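Below are the chains, spelled out letter by letter.
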Amino acid sequence: MTSAVIQMVSQDDVLANLQRATALLEQAAVGGARLAVLPENFAAMGRRDAAAIGRAEALGEGPILPWLKRTARDLRLWIVAGTLPLPPVGQPESKAHACSLLIDEHGEIAARYDKLHLFDVDVADNRGRYRESDDYAHGSQVVVADTPVGRLGLSVCYDLRFPELYSALRAAGAELISAPAAFTAVTGAAHWEVLIRARAIETQCYVLAAAQGGLHPGPRETHGQAAIVDPWGRIVAQQARGEAVLLATRDIEEQASIRARMPVTTHRRFFSQDALRPAHTSE
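Bear in mind the structure is a predicted one, so any value in this text is a computation, not a measurement.

### Quick look at the overall build of the protein
The number of helices and strands found in the protein is 7 helices and 18 strands. Along the first, second and third principal axes, the C-alpha atoms of the protein reach 70 × 45 × 35 Å. In the protein, once contacts between residues fewer than 6 apart in sequence are set aside, the share between residues at least 24 apart is 68%. By element, 51% of the accessible surface of the protein is carried by carbon and sulfur atoms, the whole surface being about 12700 Å². The centroid of the 29 positive side-chain charges in the protein is displaced by 2 Å from the centroid of its 33 negative side-chain charges.

Here it is in structure tokens:
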């Protein structure tokens, strides 16, 4: 029941990034992990040719998908492939999604999650302006899948700011949630830890928060602080910056106890649009 979270400092050289990811995944497998989560943009950071990368992968001409499938088979490891640009299935010329694939230990695609919330934000850093929607289309589906370590809900980076997604993942049976990310240094310092802990607390799930942590082309600096958070909101493993492999074992009995003692899913209340209207007061 051991999971691994991987932190990288990916650059713009795809093959070099895959080589580093191989070494880190091998380390995770040796540590006993059955599932490992790679960070967002694990195969390329600082590239502006997402459409070309995605089209090549969709047509079977790129290096990333074959590497993923081969590595999962060789290591007998389930892999959450952070994100990579992929167009909709069967539509290689369409706009790419920021796609998080779940690859099983046989090298087959077990699930696909297309990032719902795109990072169109102004940040007070060297880059200043981020517009993911220039390169990517919004996803539209909530995705949960069975894995050897439990039922896994998939999310990505900016999704962490939208708790309704995580409520939906819990409602769909999630016991763990992957959150591969590439938070900026500015937003990460302000919000990363509180967000991943909050999402774990409110869903009573393990949060597997893989990260980019360092300097990248662009120029771009990412926050790092990859972590594994337990269902009580405790950080059980963490890395500030640089490459790392974090390991943690899911405690099924403790998770069940937390959910039984604080049954938040049965306490949740919903309200109508009428309840959102300002109350009338008498003068």
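There's plenty left to go through after this.
### Let's talk about the packing of helix α4 (residues 163-171) against helix α5 (residues 185-203)
Pairs of packed helices are described in terms of their axes, by the angle between the two and the distance that separates them. Running from N to C, α4 and α5 cross one another at 40°; their axes reach a closest spacing of 10 Å. You can see that α4 and α5 cross each other, and the crossing is right-handed. In this structure, α4 uses Pro163, Tyr166 and Arg170 to contact α5, whose residues at the interface are Arg199, Glu202 and Thr203. Looking at the contact of α4 with α5, its residues break down into 2 nonpolar, 1 polar and 3 charged.

### Considering the confidence of the model for the protein
Should the pLDDT be low somewhere, the predicted coordinates at that spot are not to be read in detail. Taken as a whole, the protein shows an average pLDDT of 95; of its residues, 98% reach a score of 70 or greater. For the protein, strand β8 (residues 129-131) is the element with the lowest average pLDDT, namely 91, and strand β2 (residues 35-37) is the one with the highest, namely 99.

### Quick word on the packing of aromatic side chains
Applying the stated criterion to the full structure yields 5 aromatic pairs. Taking the centre distance of 5.0 Å and the plane angle of 65° together, the rings of Phe183 and Trp192 count as edge-to-face. Assigned by exposure class, Phe183 and Trp192 land together as buried. Each residue in the set Phe119, Tyr130, Tyr158 and Phe162 is aromatic and connected to the rest through ring pairs, giving one cluster. The cationic tip of Arg261 hangs over the ring face of Trp232; the distance from NZ or CZ to the ring centre is 5.9 Å.

### Considering α4
Where α4 is concerned, the buried positions are Leu165, Tyr166, Leu169 and Arg170. On an axial view of α4, the arc spanned by its buried residues comes to 140°, and they lie on one face. Structural note: α4 exposes Glu164 and Ala171 on the side pointing more than 90 degrees away from its buried face.

Each value, and the rule that gives it
- Residues numbered from 1 in each chain as written.
- Predicted model: local features only at pLDDT ≥ 70, side-chain atom pairs only at ≥ 80, totals over all residues.
- Heavy atoms only, no water.
- Helix = DSSP H or I, 4+ residues; strand = E, 2+ residues; numbered from the N terminus.
- Contact = heavy atoms within 4.5 Å.
- Areas by Shrake-Rupley, 256 points an atom, 1.4 Å probe, with all protein chains shown as cover.
- Lys, Arg positive; Asp, Glu negative; His and termini not counted.
- Charge placed at Lys NZ, Arg CZ, Asp CG, Glu CD.
- Axes fitted to C-alpha atoms, helices over the stretch in contact; angles between N-to-C directions.
- Left-handed = near helix turned anticlockwise from the far one by under 90°.
- Nonpolar A, V, L, I, M, F, W, Y, C, P; charged D, E, K, R; others polar.
- pLDDT = per-residue confidence, 0-100.
- Phe/Tyr/Trp six-rings, centres within 6.5 Å; stacked < 30°, edge-to-face > 60°.
- Buried < 20%, exposed > 50% of the residue type's maximum accessible area, 1.4 Å probe, protein only.
- Lys NZ or Arg CZ within 6 Å of the ring centre and 35° of its normal.
- Arc of directions from axis to C-beta.

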